[in-house]
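Read off the chains here:
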Amino acid sequence: VVAGAAGGIGQPLSLLLKASPLVDHLSLYDVVNTPGVTADLSHISSVATIDGFLPADGGLKKALTGADIVVIPAGIPRKPGMTRDDLFKINAGIVKGLIEAIAETAPEAFILIISNPVNSTVPIAAEVLKKAGKFNPKKLFGVTTLDVVRAETFVSEITGQKDAAKTIIPVVGGHSGETIVPLFSLAKPSVSIPADKLDALTTRVQFGGDEVVKAKDGAGSATLSMAYAGFRFAEKVIAAFKGETGVVEPSFVYLPGVEGGDEIKKATGLDFFSVPIELGKGGAEKAVNVIKDANDYEKKLLQKAYEGLKGNIEKGVEFVANPP
Ligand code: NAD
Ligand code: LMR
């Protein structure tokens, strides 16, 4: 299921999912325009069958029935001058509503949250699922793949590596500004970044979203690169679910619920954090503690990330505990 399927991310993401041989059936849900997007994609001669729903006549319930995986890019995007946190007011309620419906109709589904601010919408989702008695932390993911994709791309512009995605760069923390921490010292294979370029490279990964918001000049934020990143992460979750082994990708998860997470919670003081996750049939099988190997430069960045994340996470938890 794609929830928010008619939007800037939703449409290209749905296109990639419709074309993927790993997808058997695709259900599109949005509050507007799903019939058109569904009709359009239905002409593609791929494996996946497709249907689409609007809210009328129990459309959300119909879309979610039998779902194995729900990807959520529903919600408003930034305009120049806005932070991701400025989206909280509207997107918190959208995510809450969708998660309540998932808890009721598709409690076993993997849930991939793209809607910003991810640092708060994932805690909101966790709290809603906990309240409903349906929380499986191994199946709830905040999608931070775009930060990884950006790190791969921007570093390759310095190193000259042609196939950028072949360098694995752990990007950890959260998904906004200084909460995003690329760990270039742990790149595999290792990369050599001139000292005078490291600050700018790090800042570019942390604030890559702003670059797109500014260039789009009021017409939204990253949609196409996000669709690529969201598809890459969804495909990995599906592949691992279908039995592929050795699948690892960073994601923002609830640490106490994932093996290896307690150690990272102890180091960060946080319940939610993005680290490389070993994916398996059940979802997040293991959180890999890469932060212990960060160098001194990166450890300073990490401290700032912890501070920023703390408030973002609390805000999400509070939203469910004491609804406004
Ligand atoms: P958009 O406005 O183009 O599309 C959002 C879609 O959500 C619209 O079609 C809208 O009708 C739909 N929608 C609104 N309320 C809904 C509801 N209750 N149920 C279902 N659908 C609903 O926005 P976009 O550019 O696609 O961005 C979507 C979200 O993704 C934003 O919050 C944006 O900040 C976020 N985003 C996250 C990342 C990331 O890395 N995680 C990257 C880019 C964008
Ligand atoms: C991004 O990183 O591109 C997204 O989170 C969208 C944004 O608001 O920058």
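The model shown is predicted, which means the values in this text are computed figures rather than measured ones.

How each quantity is defined
Residues numbered from 1 in each chain as written. Chains lettered and ligands numbered in written order. Predicted model: local features only at pLDDT ≥ 70, side-chain atom pairs only at ≥ 80, totals over all residues. Heavy atoms only, no water. Pairing = 2+ DSSP bridges. Helix = DSSP H or I, 4+ residues; strand = E, 2+ residues; numbered from the N terminus. Near = heavy atom within 4 Å. Polar contact = N/O pair within 3.5 Å; in protein donor to acceptor, adjacent residues only side chain to side chain. 1 Å grid on protein atoms, 1.4 Å probe; cavity = no way out; pocket = protein on both sides within 12 Å on 5 of 7 lines; lining within 4 Å. Sits in = over half its atoms within 2 Å of the grid points. Nonpolar A, V, L, I, M, F, W, Y, C, P; charged D, E, K, R; others polar. Core = buried A, V, L, I, M, F, W, Y, C linked by side-chain atoms within 4.5 Å. Buried < 20%, exposed > 50% of the residue type's maximum accessible area, 1.4 Å probe, protein only. Contact = heavy atoms within 4.5 Å. Axes fitted to C-alpha atoms, helices over the stretch in contact; angles between N-to-C directions. Parallel < 35°, antiparallel > 145°, perpendicular 65-115°, else oblique. Left-handed = near helix turned anticlockwise from the far one by under 90°. Points joined across faces, edges and corners; volume = space filled by probe spheres on them. Areas by Shrake-Rupley, 256 points an atom, 1.4 Å probe, with all protein chains shown as cover. Salt bridge = Lys/Arg side-chain N within 4 Å of Asp/Glu carboxyl O.

### A look at the pairing of strand 11 (residues 283-287)
By the bridge criterion, four bridges tie strand 10 (residues 272-280) to strand 11 in an arrangement that is antiparallel. If you follow Leu279 over to strand 11, its bridge partner there is Ala284. Here strand 10 hands over to strand 11 after two residues, the two strands then running antiparallel side by side.

### A few points about the site of ligand 2
Around ligand 2 sit Arg78, Arg84, Asn116, Leu146, Arg150, His175, Gly209, Ser221 and Ala222, and that is every residue in its neighbourhood. In the model, an oxygen atom of ligand 2 is placed 2.6 Å from a nitrogen or oxygen of the Arg78 side chain. Asn116 has a polar side-chain atom sitting 2.8 Å from an oxygen atom of ligand 2. Of the pockets mapped on this structure, ligand 2 occupies the largest pocket. Of the residues belonging to the shell around ligand 2, the class tally is two nonpolar, four polar and three charged.

### Examining the nonpolar core
With 93 residues, the main nonpolar core has Ile72, Ile99, Leu112 and Phe273 as its most contacted residues. Dropping the residues within four chain positions of it, Ile72 is found in contact with Ala3, Leu98, Ile99, Ile102, Ile111, Leu112, Ile113, Ile114 and Ser115. The next biggest cluster of nonpolar side chains, apart from the first, holds twelve residues, and it includes Val148, Phe184, Ala187 and Ile193.

### Here's the deal with the packing of helix 1 (residues 10-19) against helix 9 (residues 224-241)
Two elements in contact, helix 1 and helix 9, have axes whose closest approach is 8 Å; the angle formed by their N-to-C orientations is 40 degrees. By the angle between their axes, helix 1 is oblique relative to helix 9. As helix 1 runs across helix 9, the sense of the crossing is right-handed. Where helix 1 abuts helix 9, its residues Pro12, Leu13, Leu16 and Leu17 lie against Leu224, Ala227, Tyr228, Gly230, Phe231 and Ala234.

### Quick notes on empty space enclosed by the protein
All told, the structure shown has one cavity of 30 Å³ or more when counted by the stated rule. In this model, the largest cavity occupies a volume close to 50 Å³. Lining the largest cavity, in full, are Pro107, Ala109, Ile111, Leu129, Lys134, Asn136, Lys139 and Leu140. Grouping the amino acids of the lining of the largest cavity by side-chain chemistry returns five nonpolar, one polar and two charged.

### Things to note about the site of ligand 1
Surveying the vicinity of ligand 1 reveals 28 residues, the closest of which are Gly8, Ile9, Asp30, Ile76 and Asn116. In this structure, Ile76 approaches ligand 1 through a main-chain N or O atom, which is 2.9 Å from an oxygen atom. Contact with the protein chains hides 86% of the accessible area of ligand 1, taken as 860 Å² for the molecule alone. When each cavity is represented as a set of grid points, ligand 1 is found to reside in the largest pocket. With three residues, the top contributor of residues to the shell around ligand 1 is helix 4 (residues 88-105).

### Focus: the pattern of salt bridges
Applying the stated rule across the entire model yields 17 salt bridges. We note a salt bridge from Arg204 to Glu157, for which the minimum N-O separation is 2.9 Å. A residue pair is termed long-range when its members are at least 10 positions apart, and Arg204 in helix 7 (residues 195-206) and Glu157 in helix 6 (residues 145-159) qualify at 47 residues. We note a salt bridge from Glu314 to Lys310, for which the minimum N-O separation is 3.0 Å. Of this pair, Glu314 and Lys310 both sit in helix 11 (residues 296-321), four residues apart, which is roughly one turn of the helix. On the accessibility criterion, Glu314 (45% relative accessible area) is partly exposed. Overlapping salt bridges, with partners in common, bring together Glu152, Arg232, Lys236 and Glu249 in one network.

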